[in-house]
Amino acid sequence: MVAIIGRPNVGKSSLFNRILSRRHAIVSEVSGTTRDRLIASASWNGRQFLLIDTGGLEDDPDGHIPQRVQQQADMAMGAADVIIFLTDAVQGLTATDQAVAQRLRRTDKPVMLAVNKVDNENRELAAAEFFQLGISETSFISAYHNYGVYDLLERMVDLLPTRELVEQWDDDYPDGVLRLSIVGRTNVGKSLLTNAILGEERSIVSPEAGTTRDALDTPITYRDHTITLVDTAGIRRPGQVQRGIEKYSVLRAVNAVHRSDITLLITDATELATAQDAHIAGLAWDTNRGLIVVVNKWDLVNPNRFRTERSLHRVHQRLHFMPYVPVSFTSALTGEGINELLDTALSLWMERQRRVPFRDLQYLLADAVSTHAPPSRRGNLRNRLRVRRVRQVGVNPPTFVFSVNDPKLLHFSYERYLENQIRERFGFHRTHLRLVFRAER
Ligand code: GDP
């Protein structure tokens, strides 16, 4: 996770967009919201990372700027693996920059100082004053003119921790515990819902059982399964709505999504899903986490015949890039729908853990290819995709590797066809599936 922090107007969004432009990193094709994206997954030199534009996330016109930037720095120090601290050569070194640099000294995470708007030699001279911040990774860039961004990226991926390689099939958490994160905007009912889930009848597993990774998490048992609610410390106390909470919550949410298997995205039934909801949903989706959209405060919606359909329609409209996402309706206040929500989470979890026998997959492939052969390009048979074999190589999400003669011959619609065949035959109705096409060796 890479966070870009800095004062307003230093060019955080320009840098974010520049890094994500096609000419640079490879950006995930499933994107939540194409405009105003604040979180995106991308890869560079085969290293995958999440890029976060904290400025855009935490925009608050009334906020006290120095304090706001400090909060960003604190959150980045907690959640990010690499911090890109952006400053502005035209404005020069400001007191806020100095305070942020001071603060960043506390972290042992890699910090890169990027001095932006260095568009000509004079400015480069001016930029020299930034060396006094004493950050060894200092570079001069122009996000707008695309100067120095390539080098910045190159060095940035070297600083990423090595634990997450793009092709790491092993299950991240092999202990069989379902990790649930609860995210959403302020006031949608996260605290109340968390407390409802933690309700008395679900005995709390003691931390000694070795199920917690973090003191912030709370394990429960539900229908003989252990479910760990991730980062409950951040949301447990209800009514703790104060200024500043919202700013904290987004990076925190990003971190929670990252540490969980399934994310519950809580929305308010009386409001439309917002862009921020779409960002978090897109994040969960892009990083292959499971996702359930929870429409809370269901008790406030007048019961009528069409209320469920209407609400489902709105969710799917907003989150159109996720056609398979399950939607649950709850009232944290009355407890309605809480068990159904946990049941949905468990069944999604089971679906994400399902392993399909090798043989069944080969039968499926043979059927699929004979029913609908891959089209050949311009009728030239030598340019026809051949799919020889398929193996499941991972779960959570179920991941399938197809051995083909040449992955470049694969057309998107044929990939979609194969995916749908797997979904129908083996009952994957609500999870993300990951399909990989590799040249046969
Ligand atoms: P958070 O900021 O997302 O943690 O939201 P809270 O849990 O603090 O809830 C915000 C407000 O919404 C509080 O006044 C809650 O009592 C209320 N609330 C939460 N869930 C529900 C619900 O399902 N129905 C109703 N009517 N009110 C709710």
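Going by the structure above, here's the rest.
If you're wondering where the values come from, they're calculated on a predicted model, not measured in any experiment.

Time to look at the side chain of Ser328. If you trace the backbone, Ser328 turns up in strand 13 (residues 327-329). By relative accessible area, Ser328 is classed as buried at 5%.

What follows is about the packing of aromatic side chains. For the structure shown, the criterion picks out 6 aromatic pairs. Between Phe400 and Phe428 the ring centres are 6.2 Å apart and the planes differ by 70°, which places this aromatic pair in the edge-to-face class. You can see Phe400 sitting in strand 15 (residues 399-404) and its partner Phe428 sitting in the loop between helix 13 (412-426) and strand 16 (434-439), a full 28 residues away along the chain. Under the relative-accessibility criterion, Phe400 is labelled buried at 0%. The exposure class of Phe428 is buried, given its relative accessible area of 0%. Here the guanidinium or amino end of Arg354 rests over the ring plane of Phe428, the centre of that ring lying 5.2 Å away. The aromatic ring of Tyr324 is capped on one face by Arg423, whose charged end is 3.5 Å from the ring centroid.

Counted at 1.5 Å a residue, the expected span for helix 12 (residues 358-371) with its 14 residues is 20 Å, and the 20 Å between its end C-alpha atoms agrees. The elements touched by buried residues of helix 12 are strand 14 (387-394), strand 15 and helix 13.

This paragraph deals with the packing of helix 7 (residues 190-197) against helix 11 (residues 338-353). At a minimum axis separation of 10 Å, helix 7 and helix 11 run at an interaxial angle of 80°. Considering the angle they form, helix 7 stands roughly perpendicular to helix 11. Residues Leu193, Ala196 and Ile197 of helix 7 lie in contact with helix 11, whose contacting residues are Ile338, Leu341 and Leu342. Partitioned by chemical class, the residues of the contact of helix 7 with helix 11 number 6 nonpolar, no polar and no charged.

Its 16 residues give helix 11 an end-to-end C-alpha distance of 23 Å, which sits within 8% of 22 Å, the value for a rise of 1.5 Å per residue. Restricting attention to buried positions, one finds in helix 11 the residues Ile338, Leu341, Leu342, Thr344, Ala345, Leu346, Leu348, Trp349, Glu351 and Arg352.

This paragraph deals with the pairing of strand 5 (residues 82-88). Counting buried positions over the 7 residues of strand 5 gives 7, a clear majority of the element. Side chains of strand 5 alternate between two faces, with Val82, Ile84, Leu86 and Asp88 and Ile83, Phe85 and Thr87 buried alike. Sheet topology note: the strand 5/strand 6 (residues 111-116) ladder contains 6 bridges and is parallel. Within strand 6, the position partnered with Ile83 by the bridge is Val111. For the handedness criterion, the β-α-β arrangement of strand 5, helix 4 (residues 95-104) and strand 6 is classed as right-handed.

Inspection of the region around the ligand gives 16 residues, with Asn187, Lys190, Ser191, Asp299 and Ala332 positioned closest. At 2.7 Å, a side-chain N or O of Asp299 approaches a nitrogen atom of the ligand. Classifying every residue of the shell around the ligand by side-chain character gives 5 nonpolar, 7 polar and 4 charged.

With that out of the way, let us pick up the pattern of salt bridges. Opposite charge on two side chains makes pairing possible when the charged atoms of those side chains draw close. Per the stated rule, a full pass over the model turns up 11 salt bridges. Arg185 is the partner of Glu271 in a salt bridge, and the nearest nitrogen-oxygen pair spans 3.0 Å. Placement of the pair is Glu271 in the loop between strand 11 (262-268) and helix 9 (275-286) and Arg185 in the loop between strand 8 (178-184) and helix 7, with a sequence separation of 86 residues.

Below, the discussion takes up the sheet that holds strand 10 (residues 225-230). Pairing between the strands of a sheet is mediated by backbone hydrogen bonds and can be parallel or antiparallel. Taken in spatial order, the 6 strands make up an open sheet running 9-10-8-11-12-13, and their pairing is mixed. Looking along the sheet, the strands with just one partner apiece sit at the ends: strand 9 (218-222) and strand 13. If you compare each strand with its neighbour and ignore which way they point, the axes differ by 30° on average. When strand 8 meets strand 11, the two strands line up parallel, connected through 5 bridges. Each residue of the ladder has a partner; that of Ile182, found in strand 11, is Leu264. In the packing of helix 10 (residues 307-318) onto the sheet, contacts are made with strand 12 (290-296) and strand 13, and the angle to strand 13 comes to roughly 140°. The strands touched by helix 11 are strand 8, strand 9, strand 10, strand 11, strand 12 and strand 13; relative to strand 12, the strand with the most contacts, the crossing angle is about 165°.

What follows is about empty space enclosed by the protein. Counting across every chain of the model gives 3 cavities of 30 Å³ or more. By volume, the largest cavity is sized at about 70 Å³. The wall of the largest cavity is formed by Thr267, Asp268, Ala269, Glu271, Leu272, Ala273, Val295, Ser311, Arg314 and Val315. Contributing elements (two or more residues each) for the lining of the largest cavity: strand 11 and helix 10. Looking at the lining of the largest cavity element by element, the count peaks at 3 residues for helix 10. Across the lining of the largest cavity, the residue classes tally to 5 nonpolar, 2 polar and 3 charged.

Parameters at a glance
Residue indices begin from 1 for each chain and proceed along its sequence in written order. Under the rules for a predicted model, residues below a pLDDT of 70 receive no local features and side-chain atom pairs below 80 are neither given nor counted, while totals for whole chains, interfaces and linings still include all residues. Each side-chain value is derived from all of the structure's non-hydrogen atoms; neither hydrogens nor water enter the calculation. Think of it this way: any DSSP run of H or I at least four residues long counts as a helix, any run of E at least two long counts as a strand, and we number them from the N terminus. Under the scheme applied here, a residue whose accessible area is under 20% of the maximum for its type counts as buried, over 50% as exposed, and between as partly exposed, the area being computed with a 1.4 Å probe on protein chains only. Ring pairs shown here join Phe, Tyr and Trp side chains whose ring centres sit within 6.5 Å, with only the six-membered ring taken for Trp; geometry is labelled stacked below 30 degrees between planes, edge-to-face above 60, and tilted in between. Two conditions define a charge sitting above a ring: the NZ of Lys or the CZ of Arg must be within 6 Å of the ring centre, and it must be within 35 degrees of the ring normal. Here a helix's expected span is defined as the number of its residues, less one, multiplied by 1.5 Å. It only takes one pair of heavy atoms within 4.5 Å for two residues to be counted as in contact. A fitted line through C-alpha atoms represents every axis, and for helices the fit uses only the stretch in contact; the resulting angles, taken between N-to-C directions, go from 0 to 180 degrees. Roughly parallel means an angle under 35 degrees; roughly antiparallel, over 145; roughly perpendicular, 65 to 115; everything else is oblique. For this classification, Asp, Glu, Lys and Arg are treated as charged, while Ala, Val, Leu, Ile, Met, Phe, Trp, Tyr, Cys and Pro are nonpolar and the rest, including Gly, are polar. Pairing between strands requires that DSSP locate at least two bridges from one strand to the other. The crossover handedness rule: strands pointing away from the viewer, path from first strand over the helix to second strand clockwise, crossover right-handed. The near set for a molecule or strand comprises every residue that places at least one heavy atom within 4 Å of it. Think of a polar contact as two N or O atoms within 3.5 Å of one another; within protein, one of them needs to be a possible hydrogen donor and the other a possible acceptor, and neighboring residues in sequence only count if both atoms come from side chains. Salt bridges are defined by distance alone: a side-chain nitrogen of Lys or Arg within 4 Å of a carboxyl oxygen of Asp or Glu. With a 1 Å grid laid over protein atoms only, a set of points is called a cavity when a 1.4 Å probe fits there but cannot get out and a pocket when it is open yet has protein on both sides within 12 Å along at least five of seven lines; lining residues have an atom within 4 Å of a point. Grid points are joined across faces, edges and corners, and a volume is the space filled by probe spheres set on the points.

On their own, these measurements won't tell you what the molecule is for.
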